[in-house]
Amino acid sequence: MSDRRGIVIGTAGHVDHGKTALVRALTGIETDRWLEERRRGLTIDLGFARLDLDPDLETGIVDVPGHEDFLKNMLAGATGIDVLLLVVAADEGPMPQTREHLAIARLLDVKRGVVALTKSDRVDAEWLELATETTRELLDEDSARASWEIVPVSSVTREGIETLRSSLQSLVAGVQRRSEDDLFRLPVDRSFSIRGTGTVVTGTVWSGCVRVGDTLRLFPGDASARVRGLQVHEDPRPQVAAGRRCAVALVGVSADAVERGSVLVDRAEWRPSDRLGVRLRALGARDRPLTHGQRLRVYLGTREVMARLHTADRAPILPGEAAWAVLALEAPLLARARDRAILRFYSPVSTIGGVRIAELDPPPDWPERTAAWRCVLDGTAGEALTASVRLERLLGLLVAPAPVRLGRPAAELEAAADEAGCVRIGARWFSAEAADEAMQAVERAVARLHAADRRAAAVSKEAVRSALTDVCDGELVERAVRQLLAEGRLVESGPRLALPGHLPRLTEAEEAARDRLAAMIVEAGLQPPLVTELGKTLRLARPLLDDLLRLLREAGTTRAVTPELHVSVAALEALEARVLELLADGAPSGPTRFKEAFTLSRKYLIPLLEFLDREGVTRRTAEGRVLAARS
């Protein structure tokens, strides 16, 4: 991998202010690719060029159209830029698209930039000074951009070009390296097919790294494709990291299946979202508020989708205000927490604000989660992780998709988890208090189950897990049960649990029925009535009968030979002792020998013999049953 940092510069500015001519003067490359663009002298679509500013940097320029009719294309090109090259014609000064493009850059949080005051050869010194002053007034409206340099240039005479190059060189030198040890994502801005190569897509690598031979996923559609080749400004590469313009040759997907707005990603952790929890900032220049239920256009990466705005308490969002909201998307988006997106009115189409994503697919009670959203957007990695883990309570935060949900690399979150005291159990993170809270939840669940089934001496572990499915992670429940057993706060009987000191509660009538039931089974020896017959004889409803049979089993009075045949333990022990005597000579014995020895009908004999097989007393062979080998 190249040690050079990848930098993307994006142009912006009003139509016919000379953006494409300026890029040509800086790079020597014609970025108007289409014959129609050159015939009309009007940039319609995105253009791309390499700009050599520093041997330690790989810098590319994205040239965007300036006409308002093509602002959708401009937004596709503005994604992922590090430095803005704002172009203002000296003979016109700032115009409507100048202001809109600058507002979009501000909403996308592009803080580094420079203004090229083009066509300076067409005006005199006085007019140039006036154009500079009006441009400075525009920049001064935002303190973060008030320090941007204004450089008069001429693409015809090349006056000021080297000064502009030096300014850009200073700006890109201060751009931080994007994380390459992160999930890979590339929003596609172009797709085409080349004979002998196949499908090729281009875009800016937002995060992570891609290598030749990697298998990538394509959204929308979730198709898989293998990377055949990679290029950065026509230079073949074995791998390409974040911050670079990249062309990716793909195998396994047709060019028709990929379009501007598609996204290439690397792992299954990426999931399309139907709802986005966001912090929305409305532009102050608007003359009307944003209202609950309003239909909007959302631009994320190179993709545009429609959405409905949901505000807290259905309150309007006034021009210039910031507010928490949810965007209910009409088509899914592949988004990540901390992503920035642009909003435009549905009709008439105009930019109205921007959002930063705080949560993917938030629940209906999202207004109660905005304190955590603030931590995700404004806090440290530790604060974001702690807040998100607490939101999930005892269900825990899944570790694998956390880099997408929190918008931070996995390594950063792992380090933050240790510092924040988060506990990892299985595939999830929990708060430090979760273990104690889970133990209390298990105790409460067991108590509720005891109350719901007063005749039971214990409750099944599965019933406890089911009772907590919606509120507690399964592995956390298992850990809580083990700890409660170790501390003596639960007692265990096979697969069943009980609170210490818990006893089944029977009415006097139920106790009498239990005693009669036990007597009938014990007195009948190896041939007790079947369960159905017991119920009829004792006139017991099946639920009560089942409970009483369970109590007899748990008391050690009976055992279930089959679901319908319950035999006293004493009778079964006598049976086992007699079978051991019969088979002591080692000779296999068939059913007839057992029938003669016990004078039992096949109705009882066969289930009893199969019971002894299951208990490991006997073993059935082709010649008959023999004693099972005992360790």
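Residues numbered from 1 in each chain as written. Predicted model: local features only at pLDDT ≥ 70, side-chain atom pairs only at ≥ 80, totals over all residues. Heavy atoms only, no water.

Novice: Residue-level account of the overall build of the protein, with values.
Specialist: Check the secondary structure of the protein and you find 19 helices and 31 strands. Against the globule reference of 25 Å for 631 residues, the protein gives a C-alpha radius of gyration of 37 Å, more extended than a compact globule. In terms of overall dimensions, the protein has a C-alpha envelope of 125 × 55 × 40 Å along the principal axes. For the protein, buried positions account for 52% of its 631 residues. A separation threshold of at least 6 residues defines the contact pool for the protein, and within that pool the share at least 24 residues apart is 69%. Total accessible area computed for the protein in this model is approximately 28,600 Å², and 49% of it derives from carbon and sulfur atoms. Side chains of the protein give 87 positive and 92 negative charges; the mean places of these two sets differ by 5 Å. (Helix = DSSP H or I, 4+ residues; strand = E, 2+ residues; numbered from the N terminus. Rg over C-alpha atoms; globule rule 2.2 N^0.38 Å. Buried < 20%, exposed > 50% of the residue type's maximum accessible area, 1.4 Å probe, protein only. Contact = heavy atoms within 4.5 Å. Areas by Shrake-Rupley, 256 points an atom, 1.4 Å probe, with all protein chains shown as cover. Lys, Arg positive; Asp, Glu negative; His and termini not counted. Charge placed at Lys NZ, Arg CZ, Asp CG, Glu CD.)

Novice: Could you give me a rundown of helix α4 (residues 96–107), with the residues and numbers involved?
Specialist: End to end, α4 covers 17 Å across 12 residues, agreeing with the expected 16 Å (1.5 Å per residue, within 8%). Where burial is concerned, most of α4 is hidden: nine out of the 12 residues are buried. Residues of α4 that are buried include every one of Gln97, Thr98, Glu100, His101, Leu102, Ala103, Ile104, Ala105 and Leu107, and no others. Following α4 by one or two positions, Asp109 adopts a phi angle in the positive range, close to 65°. (Expected span 1.5 Å × (residues − 1).)

Novice: Quick one: what's the story with the packing of helix α17 (residues 569–582) against helix α18 (residues 591–598), residue by residue and with numbers?
Specialist: Between two packed helices, what matters for the description is the angle formed by their axes and the separation of those axes. Where α17 contacts α18, the axes come no closer than 12 Å and their chain directions differ by 125°. By the angle class used here, α17 and α18 are oblique. In the crossing of α17 with α18, the sense of the turn from one axis to the other is right-handed. Within the contact between the two elements, α17 uses Leu575, Arg578, Val579 and Leu582 and α18 uses Arg593, Phe594, Ala597 and Phe598. Looking at the contact of α17 with α18 residue by residue, the class counts come to six nonpolar, no polar and two charged. (Axes fitted to C-alpha atoms, helices over the stretch in contact; angles between N-to-C directions. Parallel < 35°, antiparallel > 145°, perpendicular 65-115°, else oblique. Left-handed = near helix turned anticlockwise from the far one by under 90°. Nonpolar A, V, L, I, M, F, W, Y, C, P; charged D, E, K, R; others polar.)

Novice: Requested: an account of the packing of aromatic side chains, with residues and values cited.
Specialist: Summed over all chains, the structure comprises two aromatic pairs. Ring centres of Trp324 and Trp373 lie 5.8 Å apart, and the angle between their planes is 70°; on these two criteria the pair is classed as edge-to-face. Here Trp324, found in strand β19 (residues 322–333), pairs with Trp373, found in helix α7 (residues 370–378); they are 49 residues apart in sequence, far enough to count as distant. For Trp324, a relative accessible area of 15% puts it in the buried group. Ring plane angle 5° and centroid distance 5.7 Å describe the contact between Trp366 and Trp373, whose orientation is recorded as stacked. Comparing Trp366 with Trp373, the two get one shared label, buried. By way of ring pairs, the aromatic residues Trp324, Trp366 and Trp373 are connected into one cluster. (Phe/Tyr/Trp six-rings, centres within 6.5 Å; stacked < 30°, edge-to-face > 60°.)

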